[in-house]
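Observations on the model geometry
The primary structure of each chain is shown beneath.
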Amino acid sequence: MAAPGVEIRVSTAKGRGLYAAKNFTKGSAIFEEHPLVSIQFSWNAYYGYRACDYCMRALETAEENARRLSARYDLQLLHPECCTVEKVKHCACLQCQVPYCSQACQQMAWKQYHQVLCLGSSINDLKHPLNILQDGWRQTHYPPETTNIMLIARMAATIKQAENRQSVLSAFANFVAKTVNVEETIAHKLLGDKFLQQIEYFRTQLGELFGDTETEPWFTAEGFRSLLALLGTNGQGIGTSSLSTYVHNCDALELAPKDREELDSFIDELYVNIEKESGSFLNCEGSGLYPLQSACNHSCAANAEITFPHGNHVLCLEALVDIQAGEEIFISYLNECSRERSRHSRQKYLRENYLFNCHCRKCEEEAGQADVTSEEDEEEEDATVDNMEDDTT
């Protein structure tokens, strides 16, 4: 069911699309949405980015986060009152110590999936099947991450715990999950021949752990490939950060000019130090499946964007321009850097990751460009090849 103000339409050319049912002004929220399921990326958690297991809210205070990322452990933030983290509300599963930002999130997790996935005293047992699965995923998928194999485990656990299993299965089935686009026959890059051995390993392990009457089709050879394609083409990236929330709140402070200059200089220097020590990985990162957001088609000149204004996994779709009733609402499937790359590079990424050739206004206007890959893409491809060669040695 669509949210008030939008509607989902289906066409033979593009499939589903999201359309405005009323006018939206630039900067307004079109809708907010909770995911069916979400999870933090595996390496992100492994490297100490502490997040609520249910909603992905950052658990470090802004000062703790800044100290870790900058490696300046005596750092004291100016205006610490701008940090919104409430550590007094934090709690953990009594059996496995998985952390939550609140008792409400702990209860939601227990109700949805954690009864099945709780490792209890085996949380640090490297031989436990779920820990082996997680480690296997890390050894074959390095940052920057785009999904987590444990999202499938969380999906399966959600079904197992659901009062109406068929309803949850139907909700997951509504996501597009083709491994090959019928019209253009573009193979999904995650499912190429070089990944067949990995796919079979994860399919077997997950099938043994979670396969039952309802989920049996997921763990056939073709069903599992389709499931991975579902994650690859529908998974929405999530990013949360206590430090970015702190900075945003600092920006809103009403200060004397001298105090504003001092604060801005302090924050600028902090980010320089963080860049030197930790690079660009600043956030708690993960992905989730959002039924309404997944109906949004792509445009390289999008009229809306995804934000996470509450510092957790609750998604907000915000208008980038005025949108009139009846207009289709587009988001960009590309990150900010990729949006500025050549038409050829954008098309290549979209074909490999989302299985379509883009015919948006921007791509049509740039149709005369030479089919040249951006320099950044060539560097990334070289790095990817090196990583793949390392995996096989």
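Up top is the structure these notes are about.
Residues numbered from 1 in each chain as written. Predicted model: local features only at pLDDT ≥ 70, side-chain atom pairs only at ≥ 80, totals over all residues. Heavy atoms only, no water.

Here's the deal with the overall build of the protein chain
Across its full length, the protein chain carries 13 helices and 12 strands. Taken across its 393 residues, the protein chain has 45% of its residues classed as buried. Partitioning the intrachain contacts of the protein chain with sequence separation of at least 6 by distance along the chain shows that 71% fall at a separation of at least 24. As displayed, the protein chain has an accessible area near 20,600 Å², and 50% of this comes from carbon and sulfur atoms. (Helix = DSSP H or I, 4+ residues; strand = E, 2+ residues; numbered from the N terminus. Buried < 20%, exposed > 50% of the residue type's maximum accessible area, 1.4 Å probe, protein only. Contact = heavy atoms within 4.5 Å. Areas by Shrake-Rupley, 256 points an atom, 1.4 Å probe, with all protein chains shown as cover.)

Topic: the side chain of His114
Among the structural elements, His114 can be located in helix α3 (residues 103-117). In this view, His114 contacts Cys93, Cys96, Val98, Tyr100, Ala109 and Gln161; residues no more than four positions away in its chain are not counted.

Quick look at helix α9 (residues 242-251)
All of the buried residues in α9 are Ser242, Leu243, Tyr246, Val247 and Cys250. The arc that holds the buried residues of α9, viewed along the axis, is 140°, so those residues lie on one side. Buried residues belonging to α9 abut α2 (62-70), β7 (236-240) and α10 (257-278). Sitting at the head of α9, Ser241 places a side-chain oxygen 3.2 Å from the backbone nitrogen of Leu243. (Arc of directions from axis to C-beta. Polar contact = N/O pair within 3.5 Å; in protein donor to acceptor, adjacent residues only side chain to side chain.)

Concerning the pairing of strand β2 (residues 15-20)
Walk down a regular strand and you will see the side chains alternate between the two sheet faces. As paired strands, strand β1 (residues 6-11) and β2 are joined by six bridges and run antiparallel to one another. Within the sheet, the bridge partner assigned to Ser11 lies in β2 and is Gly15. In this structure, the hairpin formed by β1 and β2 is closed by a connection of three residues. (Pairing = 2+ DSSP bridges.)

Let's talk about the nonpolar core
The tendency in soluble globular proteins is for nonpolar side chains to be buried side by side. Core analysis: the largest hydrophobic core is formed by 48 residues, its most contacted members being Ile149 and Phe224. Of all elements in the fold, only β4 (37-40), α3, α4 (129-140), α5 (150-161), α6 (165-173), α7 (196-210) and α8 (221-234) reach the threshold of two or more residues within this core. The dominant element in this core, judged by the number of residues it contributes, is α5, at eight residues. Excluding residues that lie within four positions of it along the chain, Phe224 makes contacts with Ile149, Ile152, Ile199, Phe202, Arg203, Leu206, Trp218 and Phe219. The next biggest cluster of nonpolar side chains, apart from the first, holds 39 residues, and it includes Leu77, Phe266, Ala304 and Ile329. (Core = buried A, V, L, I, M, F, W, Y, C linked by side-chain atoms within 4.5 Å.)

Here we look at the packing of aromatic side chains
The final tally for this structure, using the stated rule, is 12 aromatic pairs. Ring plane angle 70° and centroid distance 6.4 Å describe the contact between Trp218 and Phe219, whose orientation is recorded as edge-to-face. Each member of the pair, Trp218 together with Phe219, is buried. Seen in terms of ring centroids, Tyr349 and Tyr354 are 6.4 Å apart; in terms of plane orientation they differ by 55°. Their pairing is tilted. Overall, Tyr349 belongs to the partly exposed group, its relative accessible area being 32%. Residue placement shows Arg9 over the ring face of Tyr19; its charged tip is 4.3 Å from the ring centre. Arg138 extends its terminal NZ or CZ atom over the ring of Trp43, reaching a point 6.0 Å from the ring centre. (Phe/Tyr/Trp six-rings, centres within 6.5 Å; stacked < 30°, edge-to-face > 60°. Lys NZ or Arg CZ within 6 Å of the ring centre and 35° of its normal.)

As for the pattern of salt bridges
By the definition in use, this model includes 15 salt bridges. We note a salt bridge from Glu64 to Lys87, for which the minimum N-O separation is 2.9 Å. You can see Glu64 sitting in helix α2 and its partner Lys87 sitting in the loop between α2 and β5 (91-92), a full 23 residues away along the chain. Residues joined in a network through salt bridges with shared partners are Lys160, Arg165, Asp212 and Glu214. (Salt bridge = Lys/Arg side-chain N within 4 Å of Asp/Glu carboxyl O.)

Topic: the packing of α5 against α8
Running from N to C, α5 and α8 point in directions that differ by 105°, and their axes come no closer than 11 Å. Considering the angle they form, α5 stands roughly perpendicular to α8. Of the residues in α8, those touching α5 at Leu151, Ile152 and Met155 are Phe224, Leu227, Leu228 and Leu231. Residues of the contact of α5 with α8, tallied by class, amount to seven nonpolar, no polar and no charged. (Axes fitted to C-alpha atoms, helices over the stretch in contact; angles between N-to-C directions. Parallel < 35°, antiparallel > 145°, perpendicular 65-115°, else oblique. Nonpolar A, V, L, I, M, F, W, Y, C, P; charged D, E, K, R; others polar.)

So, the sheet that holds β7
Two modes of strand pairing occur in sheets, parallel and antiparallel, and in both the strands are linked by backbone hydrogen bonds. Spatial strand order, β4-β8-β7: three strands in an open sheet with antiparallel pairing. Because the sheet does not close on itself, it has two edges, and the strands there are β4 and β7. Geometrically, the sheet is characterised by an average inter-axis angle of 30° between neighbouring strands, direction not taken into account. Bridge count for β7 against strand β8 (residues 284-289) is five bridges, and the pairing is antiparallel. In the sheet register, Gln236 faces β8, and the bridge partner there is Gly288. On the sheet, α5 packs against β4 and β8 and is oriented at approximately 145° with respect to β4.

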